[in-house]
Amino acid sequence: MCGIVGYVGKRPCRDLLVAGLEKLEYRGYDSAGISLLEDGRIDTVRAVGNLANLRAAAGIEPDGDGAVAVAAPPATIGLAHTRWATHGRVTEENAHPHGDCSDAVHIVLNGIVENHSELRAELSEQGHVFSSETDAEIVAHLIERNYDGDLTEAVRRSFNELRGHYAFAAMHAEQPETLVAARQECPLIVGLGSDEAFIASAIPAFLAETRRALIIENGEIVTVTPEGASITDAAGNPVERDADQVEWDEDTAEKGGYATFMRKEIDEQPDSVAETIADRLPDRDRVDLSELEIVPEFIAGMRRIVIVACGTSYHAGLVGRYAIEQWARVPVEMDIASEYRYRDPVVGEDDLVIGITQSGETADTLAAMRLARERGAKVLALTNVMGSQATRDADAVLYTRAGLEIGVAATKTFTTQVAAMYLLGLWVAQHRGTIPDERLAELIAELKAIPHKIQETLDSVEDQVKAVARAEHEGRFFLYLGRNIGLPICLEGALKMKEISYIPSDAYAAGEMKHGPIALLDESTPVVCVATESPTLEKMLSNMEEVRARGADVIAIATEGSPRVAEASDLAIEIPRTDWVLQPIVAILPLQLLAYHVARMLGLNVDQPRNLAKTVTVE
Ligand code: F6R
C-alpha cells in the first residue's frame, strides 16, 4: 500500500511532487523518495522515515509557515513515492524510486511482483546489477532490457512479463516529456491539467491542482505528456476513455470517496489479502515462507505452538489454531497475551510461540513474546508494521500486507492475519509431512481464490446486511453463536459490534447455550449464527432450532447452497463455498458490515469509537 505521484508539464515539479506525497500521508509509509529528470539526467533523493526527512535530504527547507523556502530546481518531470515495506527492509536503498543499471530508467511501484525471484535471477545472469532487495527494482531493469527508444513499448513488454498485483510508473532520461504507467489490480489515476498531467495512486495527490481524473483499469498502460494521456491495453490496442470531473472535497478524497475509513478498509480486503498471500504461493503445491529464517528441522521437530495476542489479533489466532491443528497435526495452545504473561507459563526450547499484533507495539503481546523467548522458545511475530517493536523482539517475522489501517476497528488487518495463519498452517504441514501433496495443492488453489471470494461477498451481501441493521439497530443486545471454526468469527463479530455500536454483544460456543446463556433469549434478541459448512454443521442446526424455539430471530451466515441452514433461520446471508477451514476469512465480512451499518444508523463515529486508540501500549 505505497503511494505514487508523478508529474509532467511546464512547471518546476519538485515541490508539486512533495505536496502530492503529503496528501498521501494518511496511507502510512516508512520511507519516501523522489526522482527528477533534467538535462538528460535523473537525480534521486530517498530517505527513511517521514516526509520531513525527505525534505531535509532534498534540501527543501520549510519556512515558518511550513511552506517551501528554497527555490525548487527547474525539472518539469519527476516521480515520487512513499513506501510501506513489503519486500526488503526499511532502508534508503530499498526506498523508491529505483533505477536500472545506467540510471536512465526510473520507476515507482505500488504492490507486489510475484515472479520477482525468477526475473531477478534471469536479469542477473544477463549482467544486470541490482542495488536493492526489492521486487520493484526488477521493473526498472526489465524496462531497460526492453527499451529501444519507445518507452511505452518498453513498459508494455515489461508489463507482459510480470505477474502480481501492482501499479507502476516509469520515466526515461531520453524522454523529458513522457511518463508511462501500468496497472494490474492496484489503483492508478491520471490527473489532467492544462499543459500538465499527474499520475497517482490516489486522487488526493493531485486534487489541489486539477479535478479532471482519468481512471486507469486493470491490464492497461497509459502514456502521459503535458498534452494529455493515451491508454492502450496490454496487447497495445488503443483504449478510449473520457476523464471524469472529481466533485469530492479533500476529506472525502482521502477516504477514496467513502464516508469513513472503516468502510474503505473493509473494501480493501480483496487487495490486502491478495498481497499477503501472492508470492508466498509460488507453485501449485508449495508454500514459500523462506523469509521466516526458521530452520525446517525446528519446524519438523517442535513440540507445540503457542499463540499469544490481544483483541482481534487473538481471534485471528483462534482461526489459525484450527488450521494448524487440522493440517499440521501440531498441538496449538492459544492465550490472551495479558493473561499469558502473568501466569508463569510452561514454555521452552521445543516450542514455537507466535505473537500476533498488527501494530507490533501492543504492550501485553510484546511482554508475552519476551517472556517466552527468555524461557528458550523460538518466537515468531506476525505483524503488519515493518520495524515495529515486535519485529525486533522476535526470532522471525511474518508480515501481513494490509497497509495502514486508520479506522480503529481492525478489519483488513484481521483478514490478512487469518490469511497469514493459513499460510503458516500449510507451511508447517508441508515441513512435517502431514498433508498429502494433492490435498496441499487443493488448499493452495482454494487459498488463491479467496481474494475473489471476498470481493464476491462484498458485492453481494450488503443489501441483506443493511436490512438486518435497519431492523435491529435499536436493539439492546446481540448474541453470536458458532461452533468449531465458526466460533472465532462470532467472537470477532461481537467484538466489532460492541466496539463501534456500543450495543452489548456476546459470542458463545453454540454447545454452551444450554449451560446458561439460553436464559438471555426472547423475541427481542437477534441471534447471529455462523453456520457455514463444517464437520459440526449438523450440531449447529440443532442449536439454531433451540434458539428459534425461544422466539429469537436467527440471522445465519451460510455457505451458498445450504437449504437446511436457510430453513433453520429467519434470514440466511450466503457466502461463496470454499474449503471449510477457509470459510472464516469470508464469513467475517457480513459481520464487519453488520457492525458498521448498525453503528452508522446510530449516528456514531465508526473510525474513532469512544475510549479506544489504535495501538494499546499502556499496561
Ligand atoms: C479491535 C482491535 C483491537 C486490536 C488489539 C490488538 O477492532 O483493533 O482489539 O486487535 O488492540 O492490537 P494489535 O493487533 O495491534 O496488537
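Residues numbered from 1 in each chain as written. Predicted model: local features only at pLDDT ≥ 70, side-chain atom pairs only at ≥ 80, totals over all residues. Heavy atoms only, no water.

Caption draft 1: Fine view of the overall build of the protein chain. On a plain count of helices and strands, the protein chain comes out with 20 helices and 25 strands. The C-alpha radius of gyration of the protein chain comes to 25 Å, within 12% of the 25 Å expected for a compact globule of 619 residues. Once the C-alpha set of the protein chain is aligned to its principal axes, its extents read approximately 80 × 55 × 50 Å. Considering the protein chain as a whole, with its 619 residues, one finds that 60% of them fall into the buried category. By sequence separation, contacts in the protein chain at least 24 residues apart represent 71% of the contacts at least 6 residues apart. Accessible surface for the protein chain amounts to roughly 22,700 Å². Of this, 46% is attributable to carbon and sulfur atoms. Averaging the coordinates of the 57 positive side-chain charges in the protein chain and doing the same for the 98 negative ones gives two points 5 Å apart. (Helix = DSSP H or I, 4+ residues; strand = E, 2+ residues; numbered from the N terminus. Rg over C-alpha atoms; globule rule 2.2 N^0.38 Å. Buried < 20%, exposed > 50% of the residue type's maximum accessible area, 1.4 Å probe, protein only. Contact = heavy atoms within 4.5 Å. Areas by Shrake-Rupley, 256 points an atom, 1.4 Å probe, with all protein chains shown as cover. Lys, Arg positive; Asp, Glu negative; His and termini not counted. Charge placed at Lys NZ, Arg CZ, Asp CG, Glu CD.)

Caption draft 2: Layout of unusual backbone geometry. The omega torsion across His96 and Pro97 is -5°, close enough to zero to call that bond cis. Tracing the sequence through the fold places Pro97 in the loop between strand 4 (77-83) and strand 5 (98-99). Phi at Asp195 is positive, roughly 60°, even though this residue is not glycine. You can see Asp195 is positioned in the loop between strand 9 (189-192) and strand 10 (197-200). Residue class for Asp195 comes out partly exposed when judged on its relative accessible area of 46%. We note that Asn611 has phi near 65°; this positive angle belongs to a residue other than glycine. Counting through the fold element by element, Asn611 comes out in the segment after helix 20 (583-601).

Caption draft 3: Seen up close, the pairing of strand 8 (residues 179-184). Counting buried residues in strand 8 gives five out of six residues, a clear majority hidden from the surface. The sheet contact formed by strand 7 (residues 164-172) and strand 8 spans four bridges and is antiparallel. Opposite Ala167, over in strand 8, you have Arg183 as the bridge partner. Linking strand 7 to strand 8, which pair antiparallel, is a turn of six residues. Bridge analysis of strand 8 against strand 12 (residues 220-225) gives five bridges, and the strand direction is antiparallel. The residue of strand 12 that forms the bridge with Arg183 is Glu220. (Pairing = 2+ DSSP bridges.)

Caption draft 4: Structural detail: the site of the ligand. Taken together, 14 residues lie near the ligand, and Ser313, Thr357, Gln358, Ser359 and Thr362 sit nearest. Within the backbone of Ala410, a nitrogen or oxygen atom sits 2.9 Å from an oxygen atom of the ligand. For the ligand, the protein covers 91% of the area, taking 400 Å² as the surface of the free molecule. Elements that contribute at least two residues to the shell around the ligand include exactly helix 10 (311-328) and helix 17 (486-501). Take the shell around the ligand: its biggest share by element is three residues, from helix 10. (Near = heavy atom within 4 Å. Polar contact = N/O pair within 3.5 Å; in protein donor to acceptor, adjacent residues only side chain to side chain.)

Caption draft 5: The side chain of Lys453, seen in detail. Among the secondary structure elements, Lys453 is positioned in helix 15 (residues 437-460). On the accessibility criterion, Lys453 (15% relative accessible area) is buried. There is a polar contact of 2.8 Å between the side chain of Lys453 and the backbone oxygen of Arg577. Those residues in contact with Lys453 that sit more than four places away from it in its chain are Glu446, Pro576, Arg577, Thr578 and Val586.

Caption draft 6: The arrangement of the pattern of salt bridges in detail. Applying the stated criterion across every chain, the model contains 41 salt bridges. Residue Asp393 pairs with Arg370 through a salt bridge whose shortest N-O separation is 2.9 Å. One end of the pair, Asp393, is in the loop between helix 13 (389-392) and strand 20 (396-399); the other, Arg370, is in helix 12 (residues 363-374), with 23 residues separating them in the sequence. Residue classification places Asp393 among the buried residues on the basis of a relative accessible area of 11%. The partly exposed category is assigned to Arg370, whose relative accessible area is 37%. (Salt bridge = Lys/Arg side-chain N within 4 Å of Asp/Glu carboxyl O.)

Caption draft 7: Spatial organisation of the side chain of Thr383. Note that Thr383 resides in strand 19 (residues 378-383). Residue classification places Thr383 among the buried residues on the basis of a relative accessible area of 1%. Side-chain polar atoms of Thr383 contact the backbone oxygen of Thr357, separated by 2.8 Å. Polar contacts involving the side chain of Thr383 include one to the main-chain amide nitrogen of Gly360, which spans 3.4 Å. Apart from residues no more than four positions distant in its own chain, Thr383 is found in contact with Thr357, Gln358, Ser359, Gly360, Ser388, Thr391, Val397, Leu398, Tyr399 and Thr400.

Caption draft 8: Spotlight on the sheet that holds strand 25 (residues 571-575). The five strands lie next to each other as 22-21-23-24-25, forming an open sheet whose pairing is parallel. Both outer strands of the open sheet, strand 22 (505-509) and strand 25, are each paired with one neighbouring strand and no more. The mean inter-strand angle of the sheet, taken between neighbouring strand axes irrespective of direction, is 20°. Sheet strands touched by helix 18 (residues 537-549): strand 21 (478-482), strand 23 (526-531) and strand 24 (553-559). Its angle to strand 23, the strand with the most contacts, is close to 170°. (Axes fitted to C-alpha atoms, helices over the stretch in contact; angles between N-to-C directions.)

Caption draft 9: Here's a closer look at the packing of aromatic side chains. This model, assessed by the stated rule, comprises six aromatic pairs. Ring geometry for Phe478 against Tyr480: centres 6.4 Å apart, planes inclined by 35°, an arrangement best described as tilted. Assigned by exposure class, Phe478 and Tyr480 land together as buried. Here Arg120 stacks its cationic end above the ring of Phe130, 4.6 Å away from the centre of that ring. Just above the ring of Tyr502 sits the side chain of Arg610; from NZ or CZ to the centre is 3.8 Å. (Phe/Tyr/Trp six-rings, centres within 6.5 Å; stacked < 30°, edge-to-face > 60°. Lys NZ or Arg CZ within 6 Å of the ring centre and 35° of its normal.)

Caption draft 10: Just the sheet that holds strand 11 (residues 212-215), in detail. Taking strand neighbours across the sheet as the criterion, the eight strands line up as 3-2-4-1-10-9-11-15 in an open arrangement whose pairing is antiparallel. Taken across any chain shown, the strands that pair with only one partner, and hence form the sheet edges, are strand 3 (41-48) and strand 15 (244-245). One ladder, built from six bridges, connects strand 2 (residues 31-38) with strand 4; its direction is antiparallel. Paired with Ser31 across the strands is Arg83, a residue of strand 4.

Caption draft 11: Region of interest: helix 8 (residues 269-277). Taking burial as the measure, the nine residues of helix 8 include eight buried ones, the bulk of the element. Turning to helix 8, its buried residues number three or more, namely Gln269, Pro270, Ser272, Val273, Ala274, Glu275, Thr276 and Ile277.

Caption draft 12: How the structure looks around helix 20. Its 19 residues place the ends of helix 20 28 Å apart at the C-alpha level, agreeing with the 27 Å of an ideal helix rising 1.5 Å per residue. Of all 19 residues that make up helix 20, 17 are buried, and the element is covered over most of its length. Remark: Gly603 follows helix 20 within two positions and exhibits a positive phi of approximately 75°. (Expected span 1.5 Å × (residues − 1).)

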